[in-house]
Amino acid sequence: MSEIWVFGYGSIMWNPGFRYKKKETCFIKGWERRFWQESSDHRGTSSKPGRVATIIRKKNSRCWGIAYSVAKSDEKETFQRLDGRERNGYERTETIATSSLGYSFECVTYVAGPNNRYYSEEDSVHSIARQTARARGPSGANREYIMLIIRELRRLGVYERHTEAIWKNLKDRTES
Ligand code: SIN
């Protein structure tokens, strides 16, 4: 195969940061986006961590995002960059992406699983929104991160309950 695919569901959707040949709107089946990963390196600090996206396994669910095809010759450099950027708890994971055009292919995505030290499983939309409202890190405000994910989902025409509920709560806190 002359290419590999990288699937992004968080910042990789708007800022891949690596060279790619083309990109496709895709979903991965059996996964769902959650803001259960604390960020002290991108969207928060160690004293005031923010929240960023990870994905959890969930039967019959889909997580929509963007898949990028990368030339084999760029594979090493791409993973060096992404492994560095996603080092706080994320691991490369192989899965299958399905394009909105209907075909499927193997891809690699970064998953921050329950065994990493930054994982913070939390069902309360309120506490996630409270934490993200004020957090800020080297990559910018945590609020902006959530807003950019919402922007991508709107662009793809995708509605996600968890993400929308956090965004609504966050807006209510920060716009009054
Ligand atoms: C991703 O974008 O796919 C991983 C999580 C992130 O960097 O926001």
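Here's a quick rundown of the structure. (Residues numbered from 1 in each chain as written. Predicted model: local features only at pLDDT ≥ 70, side-chain atom pairs only at ≥ 80, totals over all residues. Heavy atoms only, no water.)

**Comments concerning the pattern of salt bridges**
Heads up, the rule is: We count a salt bridge whenever a side-chain nitrogen from Lys or Arg sits within 4 Å of a carboxyl oxygen from Asp or Glu. Three labels apply to residues, based on accessible area from a 1.4 Å probe with only protein chains included: buried if under 20% of the type maximum, exposed if over 50%, partly exposed otherwise in between.
Considering all chains together, one arrives at 16 salt bridges under this definition. When the shortest N-O distance is used, the salt bridge between Glu32 and Arg34 registers 2.9 Å. Looking at Glu32, the relative accessible area reads 18%, which means it is buried. A salt bridge links Asp83 to Arg92; its shortest N-O distance comes to 2.5 Å. With relative accessibility at 29%, the residue Asp83 sits in the partly exposed group.

**What about the site of the ligand?**
As a reminder of what qualifies: Each residue is tested against the molecule or strand, and it is near if at least one of its non-hydrogen atoms lies within 4 Å. The definition of a polar contact used here is a pair of N or O atoms within 3.5 Å, where within protein one atom must be able to donate a hydrogen and the other to accept one, and adjacent residues in sequence count solely through side-chain atom pairs. In short, Shrake-Rupley with a 1.4 Å probe defines the accessible areas, and a residue's cover is counted only from the protein chains shown. Residues are grouped as follows: Ala, Val, Leu, Ile, Met, Phe, Trp, Tyr, Cys and Pro are nonpolar; Asp, Glu, Lys and Arg are charged; every other residue, Gly included, is polar.
Inspection of the region around the ligand gives Gly8, Tyr9, Gly10, Ser11, Ile12, Ala53, Glu86, Tyr90 and Tyr145 as its neighbouring residues. Gly10 places a main-chain nitrogen or oxygen 2.9 Å from an oxygen atom of the ligand. Within the backbone of Ser11, a nitrogen or oxygen atom sits 2.8 Å from an oxygen atom of the ligand. For the ligand, whose unbound accessible area comes to 250 Å², protein coverage reaches 96%. Split into classes, the residues belonging to the shell around the ligand amount to 5 nonpolar, 3 polar and 1 charged.

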